[in-house]
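Residue-level structural notes
Here's the letter readout for the chains.
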Amino acid sequence: MEFSNKPFFITVNNKFTKQFFKEYLIDGTDKDSAIQTIIDICQVDPLSYNITADEASLAQANSWIEDKFPNGDSKHLVVDSDKKIAELLYNPMGNPYG
């Protein structure tokens, strides 16, 4: 998966606890449509989560997609390859998933 438009880092935080929930990388056209796509495809409830979008450079986004953990696992999970949406994962030192 390679980004070609305008990539965005989408950060999702719990509105009530203010804790980090998930982060996505999406190839979009504008900030609002990228957020709406994440709400729709990833089924994020905007009433329970704050969703923020930060524009990234193509080089930064493609670099993140190619990057791997020391054990060879990818640093992302592909959510939707057609719409170019990836859920970003982090190393075990700061991994909210386990």
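Only a predicted model underlies this, so the values are computations on that prediction, with no experimental measurement involved. (Residues numbered from 1 in each chain as written. Predicted model: local features only at pLDDT ≥ 70, side-chain atom pairs only at ≥ 80, totals over all residues. Heavy atoms only, no water.)

Moving on, we get to the overall build of the protein. Secondary structure summary: the protein contains two helices and five strands in total. Seen in sequence order, the protein has helices and strands lined up from the N terminus as β-β-α-β-α-β-β. Expected size for 98 residues packed as a compact globule is a radius of gyration near 13 Å; at 13 Å, the protein falls within 12% of this value. If one aligns the C-alpha atoms of the protein with their principal axes, the spans along those axes are about 35 × 30 × 20 Å. Buried positions account for 37% of the 98 residues belonging to the protein. A total of about 5,900 Å² of accessible surface is found on the protein, and carbon and sulfur atoms cover 48% of it. Averaging the positions of the 9 positive and the 15 negative side-chain charges in the protein gives two centres separated by 4 Å. (Helix = DSSP H or I, 4+ residues; strand = E, 2+ residues; numbered from the N terminus. Rg over C-alpha atoms; globule rule 2.2 N^0.38 Å. Buried < 20%, exposed > 50% of the residue type's maximum accessible area, 1.4 Å probe, protein only. Areas by Shrake-Rupley, 256 points an atom, 1.4 Å probe, with all protein chains shown as cover. Lys, Arg positive; Asp, Glu negative; His and termini not counted. Charge placed at Lys NZ, Arg CZ, Asp CG, Glu CD.)

Pairing is antiparallel in the open sheet, where five strands are placed in the order 3-1-2-5-4. Looking along the sheet, the strands with just one partner apiece sit at the ends: strand 3 (49–55) and strand 4 (76–80). When strand polarity is set aside, the average angle formed by the axes of neighbouring strands in this sheet is 25 degrees. Both strand 1 (residues 6–14) and strand 3 contribute to a ladder of seven bridges, which runs antiparallel. Considered in strand 3, the bridge of Val12 is made with Ile51. (Pairing = 2+ DSSP bridges. Axes fitted to C-alpha atoms, helices over the stretch in contact; angles between N-to-C directions.)

Once that is clear, we can look at helix 2 (residues 58–66). If you check which residues of helix 2 are buried, you get Ala61, Asn62 and Ile65. Buried residues of helix 2 fall within an arc of 95 degrees about the axis and therefore sit on the same side. Exposed side chains of helix 2 directed beyond 90 degrees from the buried face belong to Ala59 and Glu66. Summarising the contacts, the buried residues of helix 2 are in contact with strand 1, strand 2 (20–28), strand 4 and strand 5 (85–88). (Arc of directions from axis to C-beta. Contact = heavy atoms within 4.5 Å.)

We now examine the pairing of strand 4. Bridge count between strand 4 and strand 5: four bridges; the pairing is antiparallel. In the strand pairing of strand 5, Val78 is matched with Ala86. Here strand 4 folds back onto strand 5 in antiparallel fashion, the turn holding four residues, of which Lys84 has a positive phi close to 55 degrees.

A word on the pairing of strand 1. Most of strand 1 is tucked away: seven of the nine residues are buried. Where strand 1 hands over to strand 2, the hairpin turn is made up of five residues, of which Lys18 adopts a positive phi near 65 degrees.

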